[in-house]
Amino acid sequence: MSDIAAAKADLRRMARARREALTPGARIEAAFALAEHVARDTLFETVDVVGAYLPIGSEIDPRPAMMALADRRLRLAAPAIVNGDLEFRELLRDGELVAQGHGTVAPGAAARVLAPDVLLVPLLAFDRRGARIGYGRGFYDRAIARLLAVKPGLVTIGLAFDAQEVAEVPVEPHDRFLDRILTESGVRVPSATASPR
Ligand SMILES: Nc1nc2c(c(=O)[nH]1)N(C=O)[C@@H](CNc1ccc(C(=O)N[C@@H](CCC(=O)O)C(=O)O)cc1)CN2
Ligand SMILES: Nc1ncnc2c1ncn2[C@@H]1O[C@H](COP(=O)(O)OP(=O)(O)OP(=O)(O)O)[C@@H](O)[C@H]1O
């Protein structure tokens, strides 16, 4: 394992423990605070499709925020794993959900595939540059690279608890910095630094 891969593995363990230490009450408050921020954010006045996620484990719950977006007439999509890559499928009320492995569920194969204008990205840890680390399978790194190729204006927003912030996430050449981080205390626009490449 490279030094960076080892540092990432340590950081994942630490960040997961921090996320799991939050109380149920704090989690619920944080999820509703996200919804309030999203309801006021002018970014969503000019976009159509938001790629979100259905939470697992101790991830911050984006569903109140997704409801706020649906109220604003945006279309929602959630990631399905297809041939090792993420495909964003339209999330509809009463739509079928299928198990994806890793404890996740996604809209079924009959759902429409949408190209998100904004992507809400789950994460274990982030830093002030907008670097993030996830579960280490590279799904989001690859999906963001692929989506940016067809939609250069894609806005990526990491969703997290304030407690997920760390001094510095180790970055590799494939890592992409997030355009924004949204936590219970509001939106942060990372310090302007270019992604590793
Ligand atoms: N909510 C959610 N959906 C998602 C992701 C995610 O991170 N979060 N993904 C992002 O890639 C994709 C699914 N890939 C995943 C890959 C690995 C693990 C994973 O390692 N899970 C932990 C257990 C999670 C927990 O309970 O905290 C594990 O298996 O040890 C999860 C999802 C697409 N859907
Ligand atoms: N754009 C890409 N193209 C090809 N492989 C990639 C790309 N991005 C990441 N990978 C591969 O994915 C693996 C995991 O990357 P990394 O450790 O950054 O995961 P992560 O950011 O924690 O995971 P995730 O994106 O799933 O949340 C690495 O082995 C990396 O080589």
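Owing to the predicted nature of the structure, the values given are computational and were not obtained by experimental measurement.

(A) Geometry of the UniProt feature "binding site: substrate" (unreviewed entry) in the protein chain. With numbering aligned to this structure, UniProt lists the feature "binding site: substrate" (unreviewed entry) at Leu-54 and Glu-59. Looking at the element boundaries, Leu-54 is found in the loop between strand S1 (49–51) and helix H3 (63–71). Excluding residues that lie within four positions of it along the chain, Leu-54 makes contacts with Glu-59, Arg-63, Met-66, Ala-78, Leu-91, Leu-97 and Val-105. With respect to the helices, strands and loops of the structure, Glu-59 is situated in the loop between S1 and H3.

(B) Up close: the site of ligand 1. Within the structure, ligand 1 sits among 17 residues, and Arg-16, Leu-54, Glu-59, Arg-137 and Phe-139 are positioned closest to it. At 2.7 Å from a nitrogen atom of ligand 1 is found a main-chain nitrogen or oxygen belonging to Leu-54. The contact in question runs from a nitrogen atom of ligand 1 to an N or O atom on the side chain of Glu-59, over 2.7 Å. If ligand 1 stood free it would expose 670 Å²; the protein chains cover 81% of that surface.

(C) Summary view of the pattern of salt bridges. Going through the model one piece at a time under the given rule, you end up with 13 salt bridges. One salt bridge in this structure joins Lys-8 and Glu-172, with 2.7 Å as the shortest N-O distance. You can see Lys-8 sitting in helix H1 (residues 3–20) and its partner Glu-172 sitting in the loop between strand S9 (155–159) and strand S10 (180–183), a full 164 residues away along the chain. On the basis of relative accessible area, Lys-8 is assigned to the buried category, the value being 6%. Put simply, Lys-8, Glu-172 and Asp-175 are held in one network by salt bridges that share partners.

Reading the values: rules and limits
Residues numbered from 1 in each chain as written. Chains lettered and ligands numbered in written order. Predicted model: local features only at pLDDT ≥ 70, side-chain atom pairs only at ≥ 80, totals over all residues. Heavy atoms only, no water. UniProt positions renumbered as here; feature names shortened; annotations may be inferred. Helix = DSSP H or I, 4+ residues; strand = E, 2+ residues; numbered from the N terminus. Contact = heavy atoms within 4.5 Å. Near = heavy atom within 4 Å. Polar contact = N/O pair within 3.5 Å; in protein donor to acceptor, adjacent residues only side chain to side chain. Areas by Shrake-Rupley, 256 points an atom, 1.4 Å probe, with all protein chains shown as cover. Salt bridge = Lys/Arg side-chain N within 4 Å of Asp/Glu carboxyl O. Buried < 20%, exposed > 50% of the residue type's maximum accessible area, 1.4 Å probe, protein only.

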